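Secondary and tertiary structure notes
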Amino acid sequence: MKASVDQGWHLYSQFVKDGGPVKTTFTFPASGAYTLVGKTTEPKAITKFESTFKMDVSYFEKSVVFQQKVKLKGKTATVKGNVEFMVCDDKQCLPPEQVEFSIPVK
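For the structure given in this document, a descriptive report is provided here. Here the structure is a predicted model, which is why all the values come from computation and not from measurement. (Residues numbered from 1 in each chain as written. Predicted model: local features only at pLDDT ≥ 70, side-chain atom pairs only at ≥ 80, totals over all residues. Heavy atoms only, no water.)

Our focus in this paragraph is the nonpolar core. Counting residues in hydrophobic clusters, the biggest one holds 17 residues, and the most contacted among them are L11, F26, V64 and F66. Considering every element that reaches this core, the biggest residue donor is strand β9 (residues 77–85), with 4 residues. Ignoring any residue separated from it by four or fewer positions in sequence, one finds F26 in contact with M1, Q14, T40, F66, N82, V83 and F101. Y12, M55, V57 and M86 belong to the second-largest nonpolar core, a separate cluster that totals 8 residues. (Core = buried A, V, L, I, M, F, W, Y, C linked by side-chain atoms within 4.5 Å. Buried < 20%, exposed > 50% of the residue type's maximum accessible area, 1.4 Å probe, protein only. Helix = DSSP H or I, 4+ residues; strand = E, 2+ residues; numbered from the N terminus. Contact = heavy atoms within 4.5 Å.)

We now examine the sheet that holds strand β10 (residues 87–88). Pairing is antiparallel in the open sheet, where 4 strands are placed in the order β5-β6-β2-β10. Bordering the open sheet on either side are β5 (46–50) and β10, each of which pairs with just one other strand. Here strand β2 (residues 10–12) pairs with β10 via 2 bridges, running antiparallel. Bridge pairing in β10 links L11 to V87. (Pairing = 2+ DSSP bridges.)

Before going further, it helps to spend a moment on the side chain of T40. Among the secondary structure elements, T40 is positioned in strand β4 (residues 34–41). Polar contacts involving the side chain of T40 include one to the side chain of Q68, which spans 2.8 Å. Excluding residues that lie within four positions of it along the chain, T40 makes contacts with Q14, F26, F28, F66, Q67 and Q68. (Polar contact = N/O pair within 3.5 Å; in protein donor to acceptor, adjacent residues only side chain to side chain.)

Let us look at the sheet that holds strand β3 (residues 25–27). Sheet architecture is open: 3 strands sit in the order β3-β9-β11, paired in antiparallel fashion. Lying at the two open borders of the sheet, with one neighbouring strand each, are β3 and β11 (97–105). Looking at each pair of strands side by side, their axes are set apart by 25 degrees on average, direction ignored. Inspection of the sheet shows β9 paired to β11 by 9 bridges, in the antiparallel sense. By the bridge assignment, E84 is partnered in β11 with Q98. (Axes fitted to C-alpha atoms, helices over the stretch in contact; angles between N-to-C directions.)

For the coordinates displayed, the defined rule picks out 1 disulfide. Paired by a disulfide, C88 and C93 hold their sulfur atoms 2.0 Å apart. Disulfide C88 to C93: torsion about the S-S bond roughly 105 degrees, handedness right-handed. Classification of C88 as buried rests on a relative accessible area of 2%. (Disulfide = S-S within 2.5 Å.)

Printed below as a string of structure tokens:
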């Protein structure tokens, strides 16, 4: 899953400590067509101190690819779920958003 981030904005990592911005979270409902293998992975994030949160936070700029391995129980499946995330720039944060996704896999 690739996220494109507008210039000047940050999308936060899945691994943000409590007290910081809303971390990116993937949720996958149970499926009879596939099983999840491990956890959703992400590349190395930028980690910097943000005065807004008074702590170090990890985030991505421009774009990031999150990956989730799955094991199919048949020849094909559609991986469904949702992702919750928050973006901020140097002046403001937008409210957290939830987006549903559906990805066909062969």
